[in-house]
Structures are given as C-alpha cells and as structure tokens.
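Residues per chain, in single letters:
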Amino acid sequence: MMNIDAETVKKVATLSSLALSDDEVQQYQGELSKVLNFVELLNNLPLGDIDVSSPADVVASPVTPTISAKDKTPFRQDVAEMPLSREALMSNAPETEDGAYVVPNIL
Amino acid sequence: MNTVAIESKYEVVLGLEVHVQLNTASKLFSTAANQFGSEPNQNTAVVCHALPGALPVLNAQAVESAIRVGLGLGCEIARYTKFDRKQYFYPDLPKAYQISQFDFPICGVGEITLSNGRKVRILRAHLEEDAGKLVHVGAAGLDGSTHSLVDFNRAGSPLVEIVSEPDMRSKEEAKEYMMMIRNIVRYLGVCDGNLEEGSMRCDANVSVRPWGQAEYGTKAEIKNMNSFRSIERAIESEVKRQIAIVESGGKVIQESRLWNEAKGETVSMRSKEEAHDYRYFPDPDIAPVHIEESWIEAIRATQPELPHEREARLVKDFGLSEYDASVLTEFKELGDYFLSATAFSREYKILSNYLQGDITGILKNEKKAIDETALTPEALAELANLTAQKDVSSAIAKKLLPVMLEKGGLPSALIESLGLKQLDNVDELKVIIAGIVAQNPDNVAAYKSGKDKLFGFFVGQTMKATQGRANPETVNTLVKEALDA
C-alpha cells in the first residue's frame, strides 16, 4: 500500500500553482493514494526479464501485442500550414491586445 | 596581493549548453510556419496554443536536421529516442510543459577539438520545442510592467540543445567552442547561426576552483548572453564574482543568474528551488522514435562539407596558407566565393587576398554580405587573372572593386568604360617623372646624399599624377633611372 503524505500533496500543489486548504490536502492525500495504488497493480504483471530501459523490447512483448516496434513512428512531413486563422485560434481568449494574449502582471 | 595575482590562484571551469534553432519550414510538433518577424500569433496552429485535444505530430525534417548536427559533432546517434514533458509554469509556455528529451536523447556523446588542442566532450544533444515570447507593457522590462502580451510565433520551434561536459578552461575557449558550433550548423545548413536574432543561444555553467583541486567548485548557470562579446564579458564578470566570494570565505550558491548587458554583471534570478523540479515523464502523446540505421547512413552520405574539412581542402588542393584557409573557412560565404571563382582562375593566392583584404573592407563599410553585392565569382576570377598578368595594379583594383561590388560587370569592360587602363607607355611616363624630378630638387639632392627612403616619394608622386593608373613596376624602373642619372 502506498500512502502519500501531506507534505507531498502540498509540494505538488505548489508546483501546480494550486492553493489548497487543509481539508483539501487531506482529501487529495486519500484520492492520490488510491490512484497510485490502482496503478501499482501493473507491478503484478508477469513481465519476466524484460529490461524496461530497452523499450523496443517492451513494445514487442506480449503485454502490448498491438503495438509493433519499428517503422511505425508517425512522422509529419515538413510542410507549413495554418488551417485556422489567428482570430479563430484566439476566439476564446478573455482578453487580447494587438494580436497577442493579455496576461496579468507576472511578478 | 593584487586582483590579477588573486585570480591566477583559481582555475576556471566552463560547460556550455548551446541551443540551435533549426530552420525547418514548420515547427517541431505543429504545422505552423517556423518563421519570425510576423504579426503576433500569425504563425501558429492549434498545437502552438495548446488548445484542448490538439495533438503534436513529430516533424521528420527536424529529426533529420538533429541527426545532421549530431553527426557534425561526432556524436553517437540513438537508434531509439523518445520525448518527455518538462513541466513548469510560465505564461510563454501554453501547455505548462515543454516537450523535450530526458533519458533517451537523439544524440549521445561526441567531441570537438579547439585550436589549442583542448578536447571538449559533448555529453548529449537533444531535440526540444522553444517557448513563446512575452512583451511586457508599461515598463522597459518585467519589473514594474502592468501586464504582458503573449506571442506564440516562436512557441514550438525546433531546437537542438547541445550540452558539453565542463571541459573548457577560459572564456576564450568558450567563445571558440560556440563559434565552432555556429560554423558547423551553418555549414550543415540547418541554422543561420545568428546570435543577435536568437537563432543560437547559450547558457554557461561557470565555476572556479583552486589550481590542483580535483573536485569542481559549485557552479552557477549564466543565461541571457546574445553575442560572442557578451559570452566573454559575462563569464569574466561571473568568474570575478565567484573568486571574490571564495576569497572572502563565502560559498558560491548553485543558482541561475541572468547576464545584464547594460550593468555588465550577472544577477541572481532568485527562482524558488522547487521551480527546478521539472517532474519529467514520457510524453504519452508522442510515440517513441525508432531510427533506422539506413536513415542515419543516408543522412551521413549527404552530409555537406564541414568547416575543418573545407579548411584542409583549401590548403591541400589550392595551396593556401593555413591562415588564409582558416579565414576563408570562418566566413563561409567568402569561402564559397573563393571556390566558385576557382572555376575561372587558378590565381588562388590572389583570389584569397582580394576576398580577405579589399572586399572584406568594403563589405564591412557597407555592412553587407558578399552575396548581397553585384560581384560574380567570374568577375572576381578575371580580376585575379588580370592582376597576375600585371594588367591591373593594386591601385587600379582598389578603384575597380567598389564598382564591381556595387554595379557588377567584368573588370575588363570596366577598365575601358572607367578609363582605368594601365599606363604602360614608357615615353609618356618618362615625361611625367622628369617633371616631378625637376619640381623637387631638394628631395633629389637628399636622395642622392643617401636618403633612400625618398625613392618612395617619387614613386608616390608619379602614381598620384597618373591617378594610380601607372604600372607600378614600370614606374619603379623609370624613377630609378631618372634619379640615378
């Protein structure tokens, strides 16, 4: 069982620029621990001797049989296109000025 | 002890992180044009704005250019590479993470040898995307601004970050290393190498230690140097600062510092320690990249000539001195002109002299690059040939070249139209020289009494009287005859 302590939750909150109340810290401690424990299940998979630092082996393993390793890197050719106008791209911005987003004073 | 003596007690240790902006048509993960100087946000697409659901797709050309850089630096090229998210909050980063490479960079270890023989090891070179640009309103900088404007034109542009080991030992070595990388990427054609416009940037890791100490001192990372001069000045200033701290019994703090060009000093960025916790993890939006051996070989087979290869060729195939070869290599366009002109002239030394001397001088005055002038390699070659045949003197060349650069045309035609044909007529020159001798009896007497230097006076007067058109060799002979008569 993994349990996240309050300090870790506070640190992650700071890194994410989130302000949490003490109640919320406690709440997320429980929720994040649950998430980690759920993911922890992966450690029970019978992976044998697969070297995780050699991901080509990982993708070729039966665990993820639908992904083939080679020649499948989806590349894009180097062609410049702008399918949407600047106005369309920025239409949800709360505030713009001279074609740029406006953000509050940073310091 | 004076400052110099104190500073000589310390060894400077430098490592550089060089960012090279690749000149692809589109961005690293977005179809938007990789181009600057446009209206804000004009070169953007959904990925650049991090609109919900927008998915990055890797630009094959950026990968190829990164491999070219790696091969040019003698780096190992990865067969397997992947992309990771580097997370931090800043308004110029719309996703709140930068797509970079953490544990599987595209290029592994390499090495560059400086002119003094110092080998600088390269730890790695990886691909990553650039951030956007902020304009702070209401003040000269961030300090005191009322709000900021965010422009994502640069966001997502492909960068190759080249990380060196701490192998450099002086600011001069750091500058040379940077210049060598700039020249390599320019020869490769993957970046214009313009520091002032930001297409190449570098951060320097600076530390000092007493001579003989095995461990490195604590380093500071210096940012915001945008010219070769500022790289040298920033390192010099930071080294002085660190030595002063150590000498007074203090400890250098590991931190990032901004170079302030106007104040001539580095200033702490005072960023919170935890801001450096980037929480890298593999970007699940981008599949790992498997680079086929055949792709690497195809790139290797089409690598352009590298600076050190060209330099060697200029010496070996054209008999230039190592100095001439290094200058023509350093300034790639001059070297290109030289090589093109060799198709029309075998006067290699003369071609090289014109390019490095008169032509470079004019270009500096006019603030132009040679390919922005009307001079053709063919015209330059003809000038070299005429010079070798002694039909054009250096004085005449000085009159011809500005016109050739400004308006173009072959020197043979210009000599006619500008009336610069060399004056070779012995009888005509004799009359002129006799006149000068007659007008300067004092100098003649002084010359005859042993003031040999005055010979130059008479030659100079003759050249002046002929507007520089007289054949210098003929003038030398005739002046000698006249004075010794």
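Conventions adopted
- Residues numbered from 1 in each chain as written.
- Chains lettered and ligands numbered in written order.
- Predicted model: local features only at pLDDT ≥ 70, side-chain atom pairs only at ≥ 80, totals over all residues.
- Heavy atoms only, no water.
- Helix = DSSP H or I, 4+ residues; strand = E, 2+ residues; numbered from the N terminus.
- Expected span 1.5 Å × (residues − 1).
- Buried < 20%, exposed > 50% of the residue type's maximum accessible area, 1.4 Å probe, protein only.
- Arc of directions from axis to C-beta.
- Contact = heavy atoms within 4.5 Å.
- Buried area = accessible area lost by both parts, 1.4 Å probe.
- Salt bridge = Lys/Arg side-chain N within 4 Å of Asp/Glu carboxyl O.
- Nonpolar A, V, L, I, M, F, W, Y, C, P; charged D, E, K, R; others polar.
- Pairing = 2+ DSSP bridges.
- Phe/Tyr/Trp six-rings, centres within 6.5 Å; stacked < 30°, edge-to-face > 60°.
- Lys NZ or Arg CZ within 6 Å of the ring centre and 35° of its normal.
- Core = buried A, V, L, I, M, F, W, Y, C linked by side-chain atoms within 4.5 Å.
- Disulfide = S-S within 2.5 Å.
- Patch = residues over 30% accessible without salt bridge, like charges linked within 9 Å, V, L, I, M, F, W, Y side chains within 5 Å.
- Areas by Shrake-Rupley, 256 points an atom, 1.4 Å probe, with all protein chains shown as cover.
- Domains from an automatic or database assignment.
- Polar contact = N/O pair within 3.5 Å; in protein donor to acceptor, adjacent residues only side chain to side chain.

A separate point is helix H2 (residues 22–40) of chain A. Residue and element names in this part refer to chain A. Spanning 19 residues, H2 covers 27 Å between terminal C-alpha atoms, matching the ideal 27 Å at 1.5 Å per step. Every buried residue belonging to H2 is among Val25, Ser33 and Asn37, and all of these are buried. Taken end-on, H2 shows its buried residues confined to a sector of 100°, consistent with a single buried face. The exposed residues of H2 that point more than 90 degrees off its buried face are Asp23, Lys34 and Phe38. In the core, the buried residues of H2 are packed alongside helix H1 (6–15).

All right, on to the interface of chain B and chain A then. Chain B puts 51 residues into the contact, and the matching count from chain A is 37 residues. Note on chain B versus chain A: buried area summed over both sides is about 3,600 Å², and carbon and sulfur give 60% of it. For chain B, the biggest contributors to the area lost against chain A are B:Thr31, B:Leu149 and B:His290; these three give 15% of the whole. Among the salt bridges present, the one from B:Asp277 reaches A:Lys11, with a minimum N-O distance of 2.7 Å. Mapped onto the side of chain B that touches chain A, the elements with two or more residues apiece are helix H2 (46–49), strand S2 (58–59), helix H3 (60–72), strand S8 (133–137), strand S9 (147–151) and strand S16 (289–290) of chain B. Each residue belonging to the side of chain B that touches chain A can be placed in one class, and the counts come to 28 nonpolar, 16 polar and seven charged. Judged from the four bridges that link them, strand S3 (residues 100–104) of chain A and S9(B) form a sheet pairing that is antiparallel.

A separate point is the packing of aromatic side chains. Residue and element names in this part refer to chain B. Inspection of the entire model under this criterion finds twelve aromatic pairs over all chains. Here the aromatic rings of Phe29 and Phe83 are separated by 5.3 Å at their centres, their planes lie at 85°, and the arrangement is edge-to-face. Of this pair, Phe29 sits in the loop between strand S1 (10–21) and H2 while Phe83 sits in the loop between strand S3 (80–81) and strand S4 (84–87), and the two are 54 residues apart along the sequence. Accessibility classification places Phe29 together with Phe83 in one group, the buried group. A centroid spacing of 6.4 Å and a plane angle of 35° characterise the contact between Tyr447 and Phe455, whose relative ring orientation is tilted. Both residues of the pair, Tyr447 and Phe455, count as buried. Feature note: the residues Tyr88, Phe102, Tyr278 and Tyr280 constitute an aromatic cluster, connected by ring pairs. Between Lys86 and the ring centre of Tyr278, over which it is positioned, the NZ or CZ distance is 4.4 Å.

Across the sheet, four strands lie side by side as S2(A)-S3(A)-S9(B)-S8(B); this open sheet has antiparallel pairing. In the strand order of this sheet, the two ends are held by strand S2 (96–97) of chain A together with S8 of chain B, each with one partner. Summarising the sheet, S2(A) and S3(A) pair through two bridges and their orientation is antiparallel. Paired with A:Thr96 across the strands is A:Tyr101, a residue of S3(A).

Residue and element names in this part refer to chain B. The biggest cluster of nonpolar side chains holds 65 residues, and the ones touching the most others in it are Val18, Ile162, Tyr177 and Ile181. Per-element accounting of this core gives the leading share, seven residues, to helix H4 (residues 171–188). Tyr354, Ile370, Leu375 and Leu420 belong to the second largest nonpolar core, which has 36 residues in total.

Let's shift gears to the state of the cysteines. Residues and elements named next belong to chain B. Applying the stated criterion to the full structure yields zero disulfides over all chains. Between Cys48, a cysteine without a disulfide, and Cys191, which holds the nearest cysteine sulfur, the sulfur-to-sulfur distance is 19 Å. The closest cysteine sulfur to the non-disulfide-bonded Cys75 is located on Cys107, 5.4 Å from its own sulfur.

Quick look at a nonpolar patch on the surface now. Residues and elements named next belong to chain A. Together, Val35, Phe38, Val39, Leu41, Leu42, Leu45 and Leu47 make up a nonpolar patch on the protein surface, roughly 660 Å² of accessible area in all. Following the sequence through the fold, Leu47 ends up in the loop between H2 and helix H3 (55–60). For Leu47, a relative accessible area of 36% translates into the label partly exposed.

As a further point, take the sheet that holds strand S15 (residues 281–282) of chain B. Residue and element names in this part refer to chain B. The sheet built from three strands is open, its strands ordered S5-S4-S15 with antiparallel pairing. The open sheet is flanked by strand S5 (97–100) and S15, the only strands paired with a single partner. When S4 meets S5, the two strands line up antiparallel, connected through four bridges. By the bridge assignment, Asp84 is partnered in S5 with Ser100.

Turning our attention to helix H7 (residues 307–318) of chain B. Residues and elements named next belong to chain B. In this model, H7 (twelve residues) spans 16 Å end to end at C-alpha, consistent with the 16 Å of a helix rising 1.5 Å per residue. Regarding H7, the residues found buried are Pro307, Arg310, Leu314 and Phe318. Buried positions in H7, seen along its axis, are confined to an arc of 60° and lie on one side of it. Across from the buried face of H7, at angles greater than 90 degrees, the exposed residues are His308 and Lys316. Of the surrounding elements, those touching the buried residues of H7 are H4, helix H8 (322–330), helix H9 (332–341) and helix H10 (348–366). Once H7 finishes, Gly319 follows within two positions and takes phi at roughly 65°, a positive value.

Quick look at the domain arrangement of chain B now. All names here are of chain B. Considered domain by domain, chain B is made up of domain 1 (3–297), domain 2 (305–417) and domain 3 (426–484). Every contact between the two is made by eight residues of domain 1 and, on the other side, nine residues of domain 2. Taking both partners together, domain 1 and domain 2 bury about 760 Å²; carbon and sulfur atoms supply 56% of that area. The largest share of the area that domain 1 buries against domain 2 comes from Asn183, Arg186 and Tyr187, three residues that together contribute 75% of it. Where domain 1 touches domain 2, the interface holds one salt bridge. Viewed at the interface, domain 2 and domain 1 are joined by two residue pairs in polar contact (both at pLDDT 80 or more). Per-element accounting of the side of domain 1 that touches domain 2 gives the leading share, seven residues, to H4.

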